[in-house]
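# Notes for the structure review
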Amino acid sequence: MFANAKGGAGKSTLAFLASIHFAATHDSRVCVIDFDRLRTTYNAIRRFQASGVQSFFLADEHGEGRDIEPETVERALEPRRASSDILFVDTPAGFPAANMVPAIAPQAIFVPVSISDADIMATEIYLPELEAAAARIVENGGQRPRIFLVPNQVFGSDQVSHLRSVFRGHQVRIAPPLTFSRTLREVFHFEPGDTNIAQVFLEDDGFFRWMTAEIFALRQLQSLRR
Ligand SMILES: Nc1ncnc2c1ncn2[C@@H]1O[C@H](COP(=O)(O)OP(=O)(O)OP(=O)(O)O)[C@@H](O)[C@H]1O
Ligand SMILES: [Mg+2]
């Protein structure tokens, strides 16, 4: 699950690229769910349908403009969990963590934080909400999702140390940073051969390998538990 109360932090960019990278490197049935009425991720994934990556925009089935109930989310995800090996869930800014995180029950929550005072301060408010939602999953007998803060749009390594010190004491991991780059700004338009996406995977090879490996390991862990 990709979440942050703040808009423009990089949720959709990460959800889109992480799911494509995972599908390209693992022989798995990948399914992407977009909760955002703007459908950025859903539209971007649709052209990869031929490669077996499925995408769903939930408001298609449950009515746009209405708030989706947690029970509806649980019911809607159930068949997708059954028919795919892995789900990537993109959520919009302001998506309510308290009831939606338990409804989705993700194994991992990636929280992109674009390194600016405003984003860091917003995340200081949002993170405790996520941690409380994660604790509710545990109370209900589920596994606590791992929470990863992803330093995004980073200009220098001092920014990552700053983020690390602000969130010391929280049960979160700090992901490798994703630097600010022009290629990352331009992943949503179509280019023949998807050369723009390939370029991002080349430039940020370390980051996407880390993310895919982390997600794959969590998925393996889940199947061992079953
Ligand atoms: N590392 C980066 N370098 C440069 N631009 C980036 C980077 N990450 C994201 N962006 C750009 O920042 C903008 C916001 O990113 P994105 O749409 O992924 O954020 P979001 O969290 O999904 O926003 P929303 O809350 O509106 O859904 C986009 O124009 C995207 O291309
Ligand atoms: Mg988005």
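What comes next concerns the included structure. (Residues numbered from 1 in each chain as written. Chains lettered and ligands numbered in written order. Predicted model: local features only at pLDDT ≥ 70, side-chain atom pairs only at ≥ 80, totals over all residues.)

Right, let's get into the nonpolar core. Ranked by internal contacts, the top residues of the largest apolar core, which has 57 residues, are Ala-3, Val-30, Val-32, Phe-88, Val-111, Leu-130 and Val-150. If one sorts the elements of this core by residue count, helix H1 (residues 11-25) sits on top with eight residues. Look past the residues within four positions of Val-32 in its chain and what remains in contact with it is Ala-15, Ser-19, Thr-41, Ile-45, Val-53, Gln-54, Ser-55 and Phe-88. (Core = buried A, V, L, I, M, F, W, Y, C linked by C-beta atoms within 7 Å. Buried ≥ 20, exposed ≤ 12 C-beta atoms within 10 Å, placed from the backbone. Helix = DSSP H or I, 4+ residues; strand = E, 2+ residues; numbered from the N terminus. Contact = placed C-beta atoms within 7 Å.)

Ligand 1 sits among 18 residues. The nearest are Gly-7, Lys-11, Ser-12, Thr-13 and Ala-93. Those elements that place two or more of their residues in the shell around ligand 1 are H1, strand E5 (146-154) and helix H8 (182-185). With three residues, the single largest contributor to the shell around ligand 1 is H1. (Near = placed C-beta within 6 Å.)

This part is about the sheet that holds strand E1 (residues 30-34). If you trace the three strands from one edge of the open sheet to the other, you get E2-E1-E3, paired in parallel fashion. Edge strands, defined here as strands with exactly one partner in the open sheet, are strand E2 (54-57) and strand E3 (86-90). With direction set aside, neighbouring strand axes in the sheet form an average angle of 20°. With five bridges joining them, E1 and E3 adopt parallel strand pairing. Bridging from a neighbouring strand, Asp-34 pairs with Asp-90 of E3. (Pairing = 2+ DSSP bridges. Axes fitted to C-alpha atoms, helices over the stretch in contact; angles between N-to-C directions.)

Attention now goes to the environment of Pro-106. Secondary-structure assignment places Pro-106 in the loop between helix H5 (97-104) and strand E4 (108-114). The buried category is assigned to Pro-106, around which 23 C-beta atoms lie within 10 Å. Once the C-alpha coordinates of Pro-106 and Phe-88 are considered, the two residues, 18 residues apart in sequence, prove to be 9.1 Å apart. Leaving out residues up to four positions away in the same chain, Pro-106 has contacts with Met-1, Val-89 and Pro-145.

What follows concerns the packing of H5 against helix H6 (residues 117-139). Where H5 contacts H6, the two axes come as close as 8 Å, and the packing angle between them is 40°. Our classification of the angle between H5 and H6 gives oblique. The handedness of the crossing between H5 and H6 is right-handed. On H6, the residues that touch Ala-97, Ala-98, Val-101 and Pro-102 of H5 are Glu-129, Leu-130, Ala-132, Ala-133, Ala-134, Arg-136 and Ile-137. Per-class residue counts for the contact of H5 with H6 are nine nonpolar, no polar and two charged. (Parallel < 35°, antiparallel > 145°, perpendicular 65-115°, else oblique. Left-handed = near helix turned anticlockwise from the far one by under 90°. Nonpolar A, V, L, I, M, F, W, Y, C, P; charged D, E, K, R; others polar.)

Right, let's get into H1. Each turn of an α-helix holds 3.6 residues, which means side chains three or four residues apart point in the same direction. Helix length check: H1 (15 residues) gives 21 Å between terminal C-alpha atoms against 21 Å at 1.5 Å per residue, within 8%. H1 sits mainly inside the fold: 13 of its 15 residues count as buried. (Expected span 1.5 Å × (residues − 1).)

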